[in-house]
Amino acid sequence: MTNEERFDKYVEEHCKNCENKNKFLCDIRIAEIDGIIETKCNYYKRGDK
């Protein structure tokens, strides 16, 4: 899986539930730590469904 695919999948699955999605607070980072690739947003806060 490429980083672009990881980014698109993260946006599709997580951004729709974030309470900051309409505030333009988005800082999605892809990092590899000890062979494990992690994708996360620094401003992600789970909002109400």
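Right above here is the structure, for reference.
Rules of the game
- Residues numbered from 1 in each chain as written.
- Predicted model: local features only at pLDDT ≥ 70, side-chain atom pairs only at ≥ 80, totals over all residues.
- Heavy atoms only, no water.
- Helix = DSSP H or I, 4+ residues; strand = E, 2+ residues; numbered from the N terminus.
- Buried < 20%, exposed > 50% of the residue type's maximum accessible area, 1.4 Å probe, protein only.
- Lys, Arg positive; Asp, Glu negative; His and termini not counted.
- Salt bridge = Lys/Arg side-chain N within 4 Å of Asp/Glu carboxyl O.
- Contact = heavy atoms within 4.5 Å.

A. A look at the side chain of Arg6. Residue placement: Arg6 occurs in helix H1 (residues 3-14). Although Arg6 is buried, it forms no salt bridge, and the closest oppositely charged side chain is Glu5 at an N-O distance of 6.6 Å. Residues within four places of Arg6 in sequence aside, it is in contact with Met1, Ile30, Ile37 and Thr39.

B. Spotlight on the pattern of salt bridges. Counted by the stated rule, this structure contains 2 salt bridges. Of the charged contacts in the structure, one is a salt bridge between Lys9 and Glu13, with a shortest N-O distance of 4.0 Å. Placement of the pair is Lys9 and Glu13 together in helix H1, with a separation of 4 residues, close to one helical turn. Taking relative accessible area as the criterion, Glu13 reaches 39% and is therefore assigned partly exposed. The partner of Asp27 in a salt bridge is Arg29, with the nearest N and O atoms 3.0 Å apart. Its relative accessible area of 23% is what places Asp27 among the partly exposed residues. On the basis of relative accessible area, Arg29 is assigned to the partly exposed category, the value being 48%.

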